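Chain residues, written in single-letter form:
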Amino acid sequence: GNRGEKPLFESKLRTNQNHTTWVEISAKSVSQNIANFREMIGPKTLFASILKSNAYGHGILEMAELSYRSGTQVFGVNSLPEALILTERYPQIPI
């Protein structure tokens, strides 16, 4: 949970006439998760954030920025258009 923290963003999806689903992404939690993994893998291992399929529907640029600020060293994608989007914004990060 985000414990009162303002979500990085909210994503809403209308599934049918009676139901709407949404997800709230906690920037603090994502950043802490990346830090925890970085600590486990050590300084000699690169950390990659997999942002395929529009970051699993959460927004490729929003999640890329959060990942980058949190220490990601490599981005993973599943299409050339996604690679081009990220390369334009983050030319220093390998895809």
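In case you missed it, the structure is sitting above this.
Here's a quick rundown of the structure. (Residues numbered from 1 in each chain as written. Predicted model: local features only at pLDDT ≥ 70, side-chain atom pairs only at ≥ 80, totals over all residues. Heavy atoms only, no water.)

1. Regarding the overall build of the protein
So, point 1. A tally of helices and strands in the protein yields four helices and four strands.
So, point 2. When the helices and strands of the protein are placed in sequence order, the string is β-β-α-β-α-α-β-α.
So, point 3. The proportion of buried residues among the 95 residues of the protein is 29%.
So, point 4. The contacts of the protein with a sequence gap of at least 6 include a subset with a gap of at least 24, amounting to 47%.
So, point 5. Working note: accessible area of the protein is about 6,600 Å², and carbon and sulfur atoms make up 54% of it. (Helix = DSSP H or I, 4+ residues; strand = E, 2+ residues; numbered from the N terminus. Buried < 20%, exposed > 50% of the residue type's maximum accessible area, 1.4 Å probe, protein only. Contact = heavy atoms within 4.5 Å. Areas by Shrake-Rupley, 256 points an atom, 1.4 Å probe, with all protein chains shown as cover.)

2. Topic: helix α1 (residues 27-41)
So, point 1. In this model, α1 (15 residues) spans 21 Å end to end at C-alpha, consistent with the 21 Å of a helix rising 1.5 Å per residue.
So, point 2. Regarding α1, the residues found buried are A27, V30 and I34. For α1, the angular spread of buried residues about the axis comes to 70°, placing them on one side. Away from its buried face by more than 90 degrees, α1 exposes K28, E39 and M40.
So, point 3. Downstream of α1 by a residue or two, G42 has a phi angle that is positive, lying close to 85°. (Expected span 1.5 Å × (residues − 1). Arc of directions from axis to C-beta.)

3. Observations concerning the nonpolar core
So, point 1. Ranked by size, the top nonpolar core spans 15 residues in total, and within it V30, L51, M63, A64, F75, L86 and Y90 carry the most contacts.
So, point 2. Secondary structure elements with two or more residues in this core: α1 and α3 (60-69).
So, point 3. In terms of residue count, α3 provides more of this core than any other element does, four residues in total.
So, point 4. Every residue in contact with L51, bar those within four places of it in the chain, is listed here: I60, M63, A64, S67, F75, G76, E82 and L86. (Core = buried A, V, L, I, M, F, W, Y, C linked by side-chain atoms within 4.5 Å.)

4. Quick look at a nonpolar patch on the surface
So, point 1. Together, F37, M40 and I41 line one region of the surface with nonpolar side chains, adding up to about 310 Å² of accessible area.
So, point 2. The class of I41 is partly exposed, set by a relative accessible area of 32%. (Patch = residues over 30% accessible without salt bridge, like charges linked within 9 Å, V, L, I, M, F, W, Y side chains within 5 Å. Salt bridge = Lys/Arg side-chain N within 4 Å of Asp/Glu carboxyl O.)

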